[in-house]
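So the chains spell out like this:
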Amino acid sequence: MRPFLGRLGGAAAALLLGVGVLVAAPATAATSATSAADPAAIPPVTGELKAYNVDGVYSAGVSSGGYMATQLHVAYSGTFDGSAAFASGPQYCAQNDLGRALNACMDVFQDLQLATLQQTTANWSAQGSIDDVAGLSGDPVYVFSGSNDSTVERPVSTALNDYYRHFGANVLYNNATAAGHAWISPLGPNACTVTGNPWINNCGFDAEREFLGHLLGRVSAPAAGPGGSLIRFDQNKYAPGGAAKPISMDEKGFVYVPTSCANGAACKVVVALHGCKQGYSYQAFGTQFIDRAYLNEYADTNNLIVLYPQAIATTTLDNPNGCWNWWGYLGDSDYARHGGRQIETIMSMVKALGGGGSTPPPTGTVTLPSVDAEDGYIKAAGDGSGPAVGTLEETYGLALGRGADGKFNRTVLSFDTSAIPSGREITRAWVTLTRSGGSGSPWASPAGNRLLVDVHTGCLGGCAVESSDWAAATTAPAAAELGPFASGSKASSNLSAAGLSAMNRSGRTQVRLRFELDQAATAYLFVNKDTQAALTVEYR
């Protein structure tokens with residue numbers, strides 16, 4: 001909904017980011033061809049969130065709200081059972097970068113790096129920064145992309161479809177509708193192809209029946225009009241420090257509660273997230289999204305509580321259109337995972353409704369790649385004299401053993417072990433190498449030679465490899481060993497207790513690989529030319 005946005009930069013780009021248009025659509029184009037009847041607005045009543053008999057939680061949203069719906073589902077898949085996203089892209093698409101948000105996650109001038117996003121999700125899951133990613137497997141997900149949407153272009157939504165399928169979700173992808181950039185509803189006042197205020201379009205079909213039916217398995221026909229209560233509550237109560245405005249959230253939020261849910265029936269919660277410029281307090285937009293989303297009608301006949309959190313515009317250029325945080329505004333680098341200020345605020349609301357919290361961070365495994373720029377090898381004479389940093393890493397890999405020049409090679413690997421989840425006890429760890437070449441068997445010269453793993457807290461000197469690393473003292477020498485292997489990958493034995501204790505939970509841990517005995521003749525191997533070495537850590 002913002003022509004030419006991807007070609008702008010800096011403050012101008014921030015000012016226009018979101019579902020808003022630069023110029024409103026002409027009045028003649030904004031009227032639906034089928035002329036949907038105006039819905040009856042439900043007068044909100046002031047109240048508070050209270051616990052109900054909740055047996056499921058789902059998210060749904062459009063544009064920035066679609067991104068937030070995905071963020072909630074992925075970050076808290078132990079709580080959310082599925083999600084629907086209109087006109088948005090994969091989790092963490094912007095990677096905390098406004099330029100990427102504009103040019104890879106709305107327009108497609110840049111590659112949105114889907115494989116990187118999927119790997120980030122897997123890493124965050126292993127680190128406990130989000131719920132166990134296995135929780136996405138089998139979850140119902142609905143993705144919608146209109147063919148006339150030039151705000152979030154089709155390849156971005158296709159990437160969301162592919163992202164979820166990668167993690168085993170059950171995705172229904174509607175990409176056959178000629179919609180503009182909007183929430184799709186039979187109550188939408190705009191024609192299907194329009195991109196314009198209020199960004200709710202009538203496309204001649206019931207999108208709510210389609211996506212709710214997919215999320216829930218089946219739905220009963222909607223009520224003719226809402227018969228429950230629309231409660232206006234104080235969002236400050238759920239925000240960090242008791243203040244919603246500093247995180248670009250309104251002081252007012254809304255929840256629709258059917259009579260059946262109020263009377264104790266088992267009900268599910270749907271968190272419905274408006275797009276930019278659709279918040280209650282944005283330029284007197286009011287309850288248009290709440291009234292026209294066509295969710296309250298389904299809520300009455302399907303035992304659904306619909307939570308409508310509200311974002312608000314900032315007075316600065318951080319978020320002037322009242323978008324949900326999907327690119328990291330106001331300095332919130334955790335916006336897409338546990339600890340994100342808006343995510344945690346909404347989760348507090350879900351818990352207040354009886355939706356429960358997240359499953360505990362997983363007791364499991366994190367695999368850390370070595371830091372390529374800091375890895376290297378050193379060669380020296382058998383007595384350690386004349387050490388020098390090896391120069392063949394890019395050509396052959398990292399060297400170990402006795403080379404043709406008669407020098408003995410040792411390799412140093414660097415790992416960022418601050419990524420191990422805090423507060424967790426490390427129970428097991430090992431190093432994995434991948435062979436990329438070599439000559440002979442350095443384990444057989446002399447017979448029974450051992451490739452040892454030294455572990456050091458922090459860096460041996462500087463973190464980048466240097467000649468003194470060949471003989472530097474380490475915190476836990478000979479903490480593990482690697483047996484012979486002629487090709488492929490090989491894992492070391494488990495690190496000793498001293499090796500586990502040597503891991504630096506606040507920064508770098510370095511590992512030095514060396515043979516216990518000097519080879520009598522040329523026998524060496526190269527490792528990890530094209531792939532990084534890995535440190536795998538189990539914790540509880």
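Residues numbered from 1 in each chain as written. Predicted model: local features only at pLDDT ≥ 70, side-chain atom pairs only at ≥ 80, totals over all residues. Heavy atoms only, no water.

Student: Mind laying out helix 6 (residues 207-216), listing which residues take part and the relevant values?
Tutor: Most of helix 6 is tucked away: seven of the 10 residues are buried. Within helix 6, burial applies to Ala 207, Glu 208, Phe 211, Leu 212, Gly 213, His 214 and Leu 215. Backbone nitrogen of Glu 208 and a side-chain oxygen of the N-cap are separated by 3.1 Å at the start of helix 6; the cap is Asp 206. Two residues or fewer past helix 6, Gly 217 is found with a positive phi of approximately 100°. (Buried < 20%, exposed > 50% of the residue type's maximum accessible area, 1.4 Å probe, protein only. Helix = DSSP H or I, 4+ residues; strand = E, 2+ residues; numbered from the N terminus. Polar contact = N/O pair within 3.5 Å; in protein donor to acceptor, adjacent residues only side chain to side chain.)

Student: Tell me about the environment of Arg 512, and name the residues and values.
Tutor: If you trace the backbone, Arg 512 turns up in strand 22 (residues 508-515). The class for Arg 512 is buried, based on a relative accessible area of 5%. Linking Arg 512 and Thr 522, residues 10 residues apart in sequence, is a C-alpha distance of 21 Å. Filtering out sequence-adjacent residues up to four positions away, Arg 512 remains in contact with Arg 410, Thr 411, Val 412, Leu 452, Val 453, Asp 454, Asp 469, Trp 470, Ala 471, Ala 472 and Thr 474. Among the polar contacts listed, one links the side chain of Arg 512 to the backbone oxygen of Asp 469, at a separation of 2.8 Å. (Contact = heavy atoms within 4.5 Å.)

Student: Residues and numbers for the pattern of salt bridges, please.
Tutor: One pass over the full model with this rule turns up 11 salt bridges. Arg 337 is the partner of Asp 334 in a salt bridge, and the nearest nitrogen-oxygen pair spans 2.9 Å. Judged by its relative accessible area of 26%, Asp 334 falls in the partly exposed class. Note that Asp 530 and Lys 529 form a salt bridge whose closest N and O atoms lie 3.2 Å from each other. (Salt bridge = Lys/Arg side-chain N within 4 Å of Asp/Glu carboxyl O.)

Student: An account of the packing of aromatic side chains is needed here, citing residue identities and associated values.
Tutor: Here the structure, examined in full by the defined rule, presents 22 aromatic pairs. With a centroid separation of 5.3 Å and an interplanar angle of 40°, the aromatic rings of Phe 86 and Phe 144 are classed as tilted. Residue Phe 86 is located in strand 3 (residues 83-86), and its partner Phe 144 is located in strand 4 (residues 140-146); the two are separated by 58 residues in the primary sequence. Each member of the pair, Phe 86 together with Phe 144, is buried. These aromatic residues form a ring-pair network of at least three members: Phe 86, Tyr 142, Phe 144, Trp 183, Phe 211, Phe 289 and Tyr 308. Positioned above the aromatic ring of Trp 470 is the side chain of Arg 410, whose terminal nitrogen or guanidinium carbon lies 3.7 Å from the ring centre. (Phe/Tyr/Trp six-rings, centres within 6.5 Å; stacked < 30°, edge-to-face > 60°. Lys NZ or Arg CZ within 6 Å of the ring centre and 35° of its normal.)

Student: Which residues make up unusual backbone geometry, and what are the values?
Tutor: The step from Asn 197 to Pro 198 runs through a cis peptide bond, and the omega angle for that step is 10°. Looking at where Pro 198 falls in the secondary structure, it is placed in the loop between strand 7 (190-191) and strand 8 (200-202). Along the chain, Ser 445 connects to Pro 446 via a cis peptide bond; the corresponding omega equals -10°. As for its placement among the helices and strands, Pro 446 is situated in the loop between strand 18 (426-439) and strand 19 (451-457). Residue Tyr 294 is not a glycine yet carries a positive backbone phi of 65°. Residue placement: Tyr 294 occurs in the loop between helix 8 (288-292) and helix 9 (296-302). Residue Tyr 294 is classed as buried on the basis of its relative accessible area, which comes to 14%. Despite not being glycine, Leu 330 has its phi angle at roughly 55°, a positive value. Considering the arrangement of structural elements, one finds Leu 330 in the loop between strand 12 (304-308) and helix 10 (341-352).

Student: Lay out the sheet that holds strand 6 (residues 183-184) with the relevant residues and their values.
Tutor: The strand order across the open sheet built from three strands is 6-8-7, with neighbouring strands paired in parallel fashion. For this open sheet the edge positions go to strand 6 and strand 7, each flanked by a neighbour on one side alone. Here two bridges tie strand 6 to strand 8, and the two strands are oriented parallel to one another. Directly across from Ile 184, in strand 8, lies its bridge partner Asn 201. (Pairing = 2+ DSSP bridges.)

Student: Give a description of the nonpolar core that names residues and reports values.
Tutor: Counting residues in hydrophobic clusters, the biggest one holds 70 residues, and the most contacted among them are Tyr 164, Val 255, Val 271, Ile 305, Leu 307 and Ile 346. Tallying contributions element by element places helix 2 (residues 64-75) first for this core, with six residues. If you look at the next biggest cluster of nonpolar residues, it comprises 38 residues, including Ala 126, Ala 399, Ala 479 and Leu 525. (Core = buried A, V, L, I, M, F, W, Y, C linked by side-chain atoms within 4.5 Å.)

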